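# Overview (structure and organization)
Spelled out, the chains give:
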Amino acid sequence: MSGSKTNELNYVNRSKKRNWQIIIWSFIWTASMVLVDKAELYGWFGASWMTIVGIVINAFFGLVVIYVYVSFLNELDDLQRKIQTDALAIAMGVSLVSSFTYGLLVTAKYITDVEISDITVIMVFTYIASVIYGQVKYR
Amino acid sequence: MKNKLKILRAERDWTQADLANALNVSRQTINAIEKGKFDPSLPLAFKVARLFNLAIEDIFEDESKD
């Protein structure tokens, strides 16, 4: 097929580019979160307005990550988009159920050390597992 | 959904990668469609039909029974 070598990686190249954008912006967002957290913990900020600015900047980076991820989803082909949205739906459902169960366990005092990051970890691992499941299912 | 994608591709001596590139999708999508594991969206089905210069019904077979 003429020109296929030149064009063959169009979809793959775009996907790679979007993947790198997600990785880079996720790293920036996470790094800013850690920075603000440590700055507040060790008193690096001289004034409370600096903390607010740091939080706002972190939130902005979070919005950029969302934008980049939505752009990533929109550029996927039919199958890949289905795999990703199925994984997101499962992760959201599991997170929702987990958070309510977690709340009940806290109320019943089976859990005393509340960590919101526990739910985040469940959500992330569920998402990753669901994406892997989808990729294997349609292999 | 049964389809003749593999046959049409073989007639033209195209690889799955060639067809994926022509349709601007991943090779995994082509593989999944050919194996009947995944049904393409309507826009993709139209793209396939235009590429092979055939009607959609000549490529994809609706197996649902009314």
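Refer to the structure presented above.
### Quick word on the overall build of chain A
A count of helical and extended segments in chain A gives five helices and zero strands. Its C-alpha radius of gyration of 20 Å places chain A more than 25% over the 14 Å reference for a compact globule of 139 residues. With the C-alpha coordinates aligned to their principal axes, the bounding extent of chain A is approximately 65 × 40 × 15 Å. For chain A, the proportion of contacts with a sequence separation of at least 24, taken over those separated by at least 6, is 66%. Surface accessibility of chain A: about 9,600 Å² in total, with carbon and sulfur atoms responsible for 71%. Looking at chain A, you have 11 positive and 10 negative side-chain charges, and the mean spots of the two groups are 10 Å apart.

### Some remarks on the overall build of chain B
Scanning chain B from N- to C-terminus turns up five helices and two strands. Helices and strands in chain B line up, N terminus first, as β-α-α-α-α-α-β. For chain B, the C-alpha radius of gyration of 11 Å lies close to 11 Å, the compact-globule estimate for 66 residues. Along the first, second and third principal axes, the C-alpha set of chain B runs to 35 × 25 × 20 Å. Put simply, chain B has 66 residues, and 44% of those count as buried. Considering only contacts within chain B whose residues lie at least 6 apart along the sequence, 52% involve residues at least 24 apart. By element, 50% of the accessible surface of chain B is carried by carbon and sulfur atoms, the whole surface being about 3,900 Å². Across chain B, the centroid of the 11 positively charged side chains sits 6 Å from that of the 11 negatively charged ones.

### Quick word on a nonpolar patch on the surface
On the surface, a nonpolar cluster with roughly 540 Å² of combined accessible area is contributed by A:Val121, A:Val124, A:Phe125, A:Ile128, A:Ile132 and A:Val136. Tracing the sequence through the fold places A:Val136 in helix 5 (residues 116–137).

### Considering helix 3 (residues 27–34) of chain B
All names here are of chain B. Here helix 3 lies mainly inside the structure; seven of its eight residues are buried. Within helix 3, burial applies to Gln28, Thr29, Ile30, Asn31, Ala32, Ile33 and Glu34. Looking one or two residues past helix 3, Gly36 carries a phi angle of roughly 75°, positive in sign.

### Re the interface of chain A and chain B
The partner chain B presents 17 residues to the 17 residues of chain A that form the contact. Taken over both partners, the interface formed by chain A and chain B buries close to 1,400 Å², and the fraction arising from carbon and sulfur atoms is 51%. Taken together, chain A and chain B are joined by zero salt bridges. For the pair chain A and chain B, the number of links is six residue pairs in polar contact (both at pLDDT 80 or more). For the side of chain A that touches chain B, the element with the most residues is helix 4 (residues 78–107) of chain A, which contributes five residues. Tallied by class, residues from the side of chain A that touches chain B come to five nonpolar, five polar and seven charged.

### Considerations on the side chain of A:Asp77
Within the element layout of this structure, A:Asp77 appears in the loop between helix 3 (48–75) and helix 4. In this structure A:Asp77 is buried but unpaired, with A:Arg81 as the nearest side chain of opposite charge at 7.4 Å. Excluding anything up to four places from it in sequence, A:Asp77 contacts A:Tyr11, B:Val25, B:Ser26 and B:Thr29.

### A short note on the pattern of salt bridges
When the charged atoms of two side chains with opposite charge come close together, those side chains can pair. According to the stated counting rule, one finds five salt bridges over all chains in the structure shown. Here B:Arg9 and B:Glu34 are joined by a salt bridge, their closest N and O atoms 2.6 Å apart. Of this pair, B:Arg9 sits in helix 1 (residues 5–11) while B:Glu34 sits in helix 3; the two residues are 25 residues apart in sequence, bridging distant segments of the chain. In this structure, B:Arg9 and B:Glu34 share a single accessibility class: buried. Where salt bridges share partners, they join A:Arg14, A:Arg18 and A:Glu75 into one cluster.

What counts, and where the lines are drawn
- Sequence order sets the numbering: in each chain, residues are counted from 1 along the sequence as written.
- Here every chain gets a letter starting at A, and every ligand a number starting at 1, in the order they are written.
- Two thresholds apply to this predicted model, a pLDDT of at least 70 for residue-level local features and 80 or more for giving and counting side-chain atom pairs, whereas whole-chain, interface and lining totals are computed over all residues.
- Note that water and hydrogens are dropped before the side-chain values are worked out from all heavy atoms of the structure.
- Secondary structure elements are taken from DSSP: a helix is a run of H or I of four residues or more, a strand is a run of E of two residues or more, and numbering for both begins at the N terminus.
- The reference for a compact globule is 2.2 Å times residues^0.38; the radius of gyration itself is calculated from the C-alpha atoms.
- By definition, residues are in contact when any of their heavy atoms lie within 4.5 Å.
- All accessibility values rest on the Shrake-Rupley procedure with a 1.4 Å probe; residue burial counts only the protein chains present in the view.
- Lys and Arg are tallied as positive, Asp and Glu as negative. Neither His nor the chain termini are counted.
- By convention, the point assigned to a charge is CZ for Arg, NZ for Lys, CD for Glu and CG for Asp.
- Per-residue accessibility, obtained with a 1.4 Å probe over protein chains only, is compared with the maximum for each type, and a residue is labelled buried under 20%, exposed over 50%, and partly exposed between these values.
- Patches draw on residues past 30% relative accessible area with no salt bridge. Two like charges within 9 Å are joined, as are two nonpolar side chains (Val, Leu, Ile, Met, Phe, Trp, Tyr) within 5 Å.
- Basic side-chain nitrogens of Lys or Arg form a salt bridge, by our definition, when they fall within 4 Å of a carboxyl oxygen of Asp or Glu.
- A quick way to say it: buried area is the sum, across both parts, of accessible area lost when two parts are put together, with a 1.4 Å probe.
- N or O atoms within 3.5 Å of each other form a polar contact, as long as, within protein, one can give a hydrogen and the other can take it, and as long as residues adjacent in sequence are counted only when both atoms are side-chain atoms.
- Amino acids outside the nonpolar list (Ala, Val, Leu, Ile, Met, Phe, Trp, Tyr, Cys, Pro) and the charged list (Asp, Glu, Lys, Arg) are all regarded as polar, and Gly is one of them.

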